[in-house]
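As a plain string of letters, each chain reads:
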Amino acid sequence: MAPHPADRTLVSSTPSRRKFLTAGLAGGAVLGLGGLLTACGGSGGSGGAASGSARASAGSSPNQKSVKQGGDDYAAVIEKMKDFGTDAAPGVYPRTVKHAMGETVIPAKPVRVVVLDTGELDNVVALGIQPVGVVYTDGSKNMPSYLKGTAGNPASVGTINSLNLEAIAALKPDLILGSQLRAQDQYAQLSKIAPTVFSLRPGYPWKQNFQLNAAPFGLEAEARAQLDAYQAAAAAIGAGLGDKRPTITPLRFMPGKTRLYAELSFIGTILTDVPLPQPKIEQVKELAVEISPEQIDKADADWIFYGVYGTPGSTNQDAVLGGALWKTLGATKSGQARPVSDETWFLGLGVLAANAVLADLKGFVAPGA
């Protein structure tokens, strides 16, 4: 991809070699076919009133969807990310990082990082870095509980769908991490504030995103080691199950919709890595299948793990769980329909959240593994 003309941190030269981010990432080469949705289900568009020219231009434009729909070149996300990263040796600066928007020069090891999504937050914390600025989701405008105590006390700089560019600039960051899908329209402005590195999208390419986020710090080996440990833990759960592989439905209640998460989702990749099968309705190259409350029987599996985005009262969770149809499901009758943490199962999008999901799966599905 050609460098963005408005980004003063971009260079036109192409390094002679690259560290391929996808090498050896078992279970990560899932390609989408269209209908790709963002993992947290943002509504798109700018949110709330803004003050100041920078704030007024923040957030998604009317032409930019934060919920991706329809077939396009995102079908080849994993393949595209093979060239992302850097060929600089650890500790060597300046370094050039190739990413979704071109190539960005990192002049020195970053120490003041702003993260623009939950995956980037998880990633930097996993690398031992406490960001100075963070955006939250519209469903939860607080630090995820599983990261409290390790993420520090970063300043809030808006939400995923409404970035506060003035607040970001005031923090004087030396690195901004985000994604093209979320904030492409703000890339030129962000890159004038600090060197900015964007993945293509959040969600199912979380492993590749982790290594891309590690590249500006020269911590690719550390990221690789954590991913290897995750893969080993997932394989151990699968080995402990033997041939008895129960079906799993990840169910999520959201304002205005109910989703069964499918293969092209964060949780879908984790289930693939164990592996644990999903019901046929969820075996599609999509983020999720949306159902109505009257179709909740389609969620039935050996185990149903359900989360809620935001507050239960803003969704139909209580009505569904209290309804007659829910009580007829096999998982409900067997006591194997269980609530799980939305912030790890559906919003975490990083290796720390993935490890938390594995711990949940082991405890419920394979306690002896």
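All values reported here derive from a predicted model rather than from experimental measurement.

(A) Representation of the overall build of the chain. Broken down by element type, the chain carries 14 helices and 13 strands. Here the analysis covers contacts within the chain between residues at least 6 apart in sequence; of these, 70% occur between residues at least 24 apart. Here the chain displays about 14,100 Å² of accessible surface, and carbon together with sulfur accounts for 54% of that area.

(B) View of helix 3 (residues 118–126). The buried count for helix 3 comes to nine of nine residues, which makes it a mostly enclosed element. Taken as a whole, helix 3 has its buried residues at Thr118, Gly119, Glu120, Leu121, Asp122, Asn123, Val124, Val125 and Ala126. Just downstream of helix 3 lies Gly128, where phi reads positive at about 85°.

(C) Unusual backbone geometry, seen in detail. Residues Tyr93 and Pro94 are joined by a peptide bond in cis, for which omega reads 0°. Along the polypeptide, Pro94 turns up in the loop between helix 2 (77–80) and strand 1 (95–99). Notably, Lys172 is not glycine yet its phi reads approximately 50°, a positive angle. Within the secondary structure layout, Lys172 lies in the loop between helix 4 (165–170) and strand 7 (175–179). Phi angles above zero are rare outside glycine, and Leu349 is one such case at about 55°. Looking at the element boundaries, Leu349 is found in the loop between helix 13 (342–345) and helix 14 (351–365).

(D) Region of the structure containing the side chain of Thr104. One can find Thr104 in strand 2 (residues 102–106). Side-chain polar atoms of Thr104 contact the side chain of His99, separated by 2.7 Å. Within the structure, Thr104 has its side chain in polar contact with the backbone oxygen of Thr196 (distance 3.0 Å).

(E) The arrangement of the pattern of salt bridges in detail. Following the criterion strictly, the structure yields eight salt bridges and no others. Of the charged contacts in the structure, one is a salt bridge between Asp273 and Lys207, with a shortest N-O distance of 2.7 Å. One end of the pair, Asp273, is in helix 9 (residues 266–273); the other, Lys207, is in helix 7 (residues 206–214), and 66 residues separate them in sequence. Residue Asp273 is classed as buried on the basis of its relative accessible area, which comes to 10%. With a closest N to O distance of 3.3 Å, Glu290 and Arg259 form a salt bridge. Within this pair, whereas Glu290 is found in strand 11 (residues 288–291), its partner Arg259 is found in strand 10 (residues 257–261), the two being separated by 31 residues in sequence.

(F) Structural context of the sheet that holds strand 3 (residues 113–115). With respect to topology, six strands assemble into an open sheet ordered 6-5-4-3-7-8, the strand pairing being mixed. Two strands in the sheet have a free side with no partner beyond their single neighbour: strand 6 (162–163) and strand 8 (196–199). Bridging between strand 4 (residues 133–136) and strand 5 (residues 155–159) involves three bridges; their strand directions are parallel. Within the sheet, the bridge partner assigned to Val134 lies in strand 5 and is Ser156.

Conventions and cut-offs
- Residues numbered from 1 in each chain as written.
- Predicted model: local features only at pLDDT ≥ 70, side-chain atom pairs only at ≥ 80, totals over all residues.
- Heavy atoms only, no water.
- Helix = DSSP H or I, 4+ residues; strand = E, 2+ residues; numbered from the N terminus.
- Contact = heavy atoms within 4.5 Å.
- Areas by Shrake-Rupley, 256 points an atom, 1.4 Å probe, with all protein chains shown as cover.
- Buried < 20%, exposed > 50% of the residue type's maximum accessible area, 1.4 Å probe, protein only.
- Polar contact = N/O pair within 3.5 Å; in protein donor to acceptor, adjacent residues only side chain to side chain.
- Salt bridge = Lys/Arg side-chain N within 4 Å of Asp/Glu carboxyl O.
- Pairing = 2+ DSSP bridges.

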